[in-house]
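# Results of the structural survey
This is what each chain is made of:
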Amino acid sequence: MNRRDSIKKAALLLGGVISAPTLLALKSCKNREASISDEFALSDVHRKIVSEIAELILPKTDTPGAIDAGVPAFIEMMILDCYKKPEQTSFMEGVQALAAEDFTGMSSEEKTARLQKLEADAKEEMKARDVKQTKIGDNIDEETMKAQAKGLPFWRLMKELTLLGYFTSEAGITSSFEYVQIPTKFEPIKIEADQKAYAY
Amino acid sequence: MYLNINAEKQNTFDAIVVGSGMTGGMAAKELTEKGLSVLMIERGREVKHVKDYDTAMLEPWDFQHRGKVTTYSAEEKWANARFGTLVNEETGKFFTNDTDNPYIEKQGFDWIRAYHTGGKSMHWGRQSYRWNRQDFEANAKEGIGIDWPIRYDDLEPWYTYVEKFVGISGQKEGLEVLPDGHFLPPMPMSAPEIHFKNMMKDKFNRPVTIGRIANLTQSQQVHTDLGRGSCQYRNKCSRGCPYGAYYSSLSGSIPAAMRTNKLSILHDSIATEIIYDGEKGKATGVRVIDQNTMEVTEYFAKIIFLNAGAMNTAALLLNSKSERFPNGLGNDSDQVGRNIMDHQLGVGASAMVEGFEDDYVFGQRPNALYIPRFRNWGEDKQNYLRGFGYQGGASREDWSRGTNQDGFGASFKESLTKPGPWRFGFGGFGEVLSNSENRMYLDPDKKDKWGVPLIVFDAAFGENELAMRKDIENSCAEMLEAAGFKNISTYNRVTHLGLGIHEMGTARMGREEKTSVLNAFNQVHACKNVFVTDGAAMTSASCVNPSITYMALTARAADFAVSELKKMNLQ
């Protein structure tokens, strides 16, 4: 599957919603093709993994879960539209590795344990990355640094996009927070018992 | 509007105002209200107040990328994207396409532009502070750049005048460093912010005040007459306010000018040149090119106000060459395009606040706290000149804290629905000194698609700015620590000039024709019917946000221009 197909597929998963700017960019922006990793193309197995992980991060409880909120398709669309090659590659490698381990065939305890390991590894990688970048940054200019930079770890991308996709979705916002469209005032208040966060 | 390009009479107005942003709007309002017919020339597309704020009432989930910037938008708006997330789907249409409007960076320059009705007044930060007396006197005292031809007292009545019209919410503090103005009721502080304010008073004797901001906390008749209502505390100002609660040219000055029936606005019309008549010794009009049809038209007026934004105003002067002005209109001094200033930012600190778990806020305050300058003020002396102010405050973390937290699953999900811990943070806004080496000029060869020479930027922060940055960073951490906050982290990301979006100084006011472009009334020294009242006019930068000062200068210059017209001094 090539890039365009992949984007179209992601659009279909979103229920055919693809923005005019996105379509325009596909037509007009030559550099865009170059800035996207050729390897980023999720198979159905990959999508199942993304979907399962998103739901494990934010499962359905008495409120909707990640899948209910359309998070899996959102993640794929975001990786395509808002991230560059290093992240796309990193995401692809991450999901491929889990596919090779037959993640979807694991028991739910095994899956949880696997994700805990993934989180611990990502944390270490982030730490090492901060140290390395600071060190490189002293000697090499920013552009070179960016080019050499490895993408954010797969787990980190999964987690930040799952949270973003869920907590900005209609299902996520209205079930998780006290959603206020037009506050009409600003005032310091005292928290009530079981106070949910406000979202605006 | 319909215009017969062959009929000079139809293309003749009492005044032309180039630009529809913060100062263009104010110039048009003042000149029309004083009875002049005015043509406002806007290079970009038309944006209609409220009607064209099409994202204003959308829900978070209506935005496909949920506030994130796409790679292709960042590429197209390569300069604007340096400012952060504003080129996203919520507000991106109010930022210029840099690919269509390129510029050249001999040294990096972050030029953030807004080519449409209202310009950058559409999405300004709205912080509005009067300059203090020292701000006007420091250049002369310290031998930096040149002296201002005016003092605080010259501008004081005009501050009051524009503050009443604009509507500034704020708290009177009686400080010399931050003169009080005409204020609407102040916005409240949260519990940790009140704690911080008290601690700063106790430990450093430094005042902390609520931001003085051009959002109506209580709209007055002068505002409701224009259809402007009070702030609804959504904090989505940059999308355009459907209540007209924050001031912009679109909500304030342009409607005020329109109700005089004296204002005509041309859109999509790029002013390329000021037409100078050597025999008459004055400017007679402006040449524009339609950005869509490429059609060139000339418009004529008795007086011309340049309010295109500091860099474009200077470019327009430089591009207006004649026998009398071979280096650009009014550029005998060679100061047009020089002395670029801005405010430096991207430096500050943040911390975790322990306690205040029972405290929260309802609503989104589109405002922050302000810590006025305390450096090189009173007894304080530093190894650099001038000073800085801080803007910031406290908020409880939202769900996004989960990204950096361990864990996942049902209880993790549940925990993120609660308000997170309080965080406190400030960023500095530091004064940049005038330096004639910091300049922009027109490229001799390269042109944009309308045949207008590209601007080349050759400017950078100097030693004084860099020394100040260290202090901004350290002093911020020191204050947060003194307030008892924990896990303090500082940041100091050196940017280019321009990122403060307070670019100014390229046609400075001064006392002498040899060293300045404008006189004490923003009049071009050698071409008296041309006035420059945007940021280009600034002789020094202060450290406070400049828009209210630009507007005060504009109203003052318009008043002067009309009285000069009446005295037949501009014929």
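Residues numbered from 1 in each chain as written. Chains lettered and ligands numbered in written order. Predicted model: local features only at pLDDT ≥ 70, side-chain atom pairs only at ≥ 80, totals over all residues. Heavy atoms only, no water.

### Describing the interface of chain B and chain A
Here is the rule: Any two residues whose heavy atoms approach within 4.5 Å are treated as being in contact. Values labelled buried area give the accessible surface lost by two parts on being combined, using a 1.4 Å probe and summing over both. Salt bridges are counted wherever a side-chain nitrogen of Lys or Arg sits within 4 Å of a carboxyl oxygen of Asp or Glu. Contacts described as polar in this section are N or O atom pairs within 3.5 Å, which, within protein, must combine one atom able to donate a hydrogen with one able to accept it, while residues neighboring in sequence count only if both atoms come from side chains. Here a strand is any run of E in DSSP of at least two residues, a helix any run of H or I of at least four, and the numbering for each starts at the N terminus. Throughout this entry, Asp, Glu, Lys and Arg are counted as charged residues, while Ala, Val, Leu, Ile, Met, Phe, Trp, Tyr, Cys and Pro are counted as nonpolar. The remaining residues, Gly among them, count as polar. When DSSP finds two or more bridges between two strands, those strands count as paired.
Of the residues lining the interface, 48 residues belong to chain B; the matching set on chain A comes to 65 residues. Carbon and sulfur atoms make up 63% of the surface buried where chain B meets chain A, a total of about 5,100 Å² over both sides. When residues of chain B are sorted by the area they lose upon contact with chain A, B:Phe362, B:Phe408 and B:Lys413 head the list and together hold 17% of the total. At the boundary of chain B with chain A, the tally comes to 2 salt bridges. For A:Lys190, the salt bridge goes to B:Asp359, with nearest N and O atoms at 2.8 Å. Here chain B and chain A share 28 residue pairs in polar contact (both at pLDDT 80 or more) between them. Among the elements of the structure, helix H2 (71–76), strand E13 (359–362) and helix H9 (410–415) of chain B are those that each provide at least two residues to the side of chain B that touches chain A. Top element by residues in the side of chain B that touches chain A is E13(B). It accounts for 4 residues. Looking at side-chain class alone, the side of chain B that touches chain A contains 19 nonpolar, 15 polar and 14 charged residues. Judged from the 4 bridges that link them, strand E2 (residues 187–190) of chain A and E13(B) form a sheet pairing that is antiparallel.

### A look at the confidence of the model for chain B
Note the cut-off: For every residue, the predictor reports its confidence as pLDDT, a number between 0 and 100.
With 99% of its residues at a pLDDT of 70 or more, chain B shows a mean pLDDT of 97. Two numbers describe this predicted complex: its pTM, 0.93, and its ipTM, 0.93.

### A word on the sheet that holds strand E3 (residues 104–105) of chain B
All names here are of chain B. Our working rule: Geometry is summarised by axes, namely lines fitted to C-alpha atoms with helices restricted to the contacting stretch, and by angles between N-to-C directions that run from 0 to 180 degrees.
Strand order in the open sheet formed by 3 strands is E3-E18-E17, and the pairing between neighbours is mixed. Edge positions in the open sheet fall to E3 and strand E17 (439–447), since each of these has one partner strand only. Where E17 lies against strand E18 (residues 453–458), 5 bridges are found, and the strand directions are antiparallel. When the sheet's bridge partners are listed, leucine 442 is paired in E18 with isoleucine 455. Packing of helix H8 (residues 310–319) onto the sheet brings it into contact with E17 and E18, and relative to E17 it is tilted by some 60 degrees.

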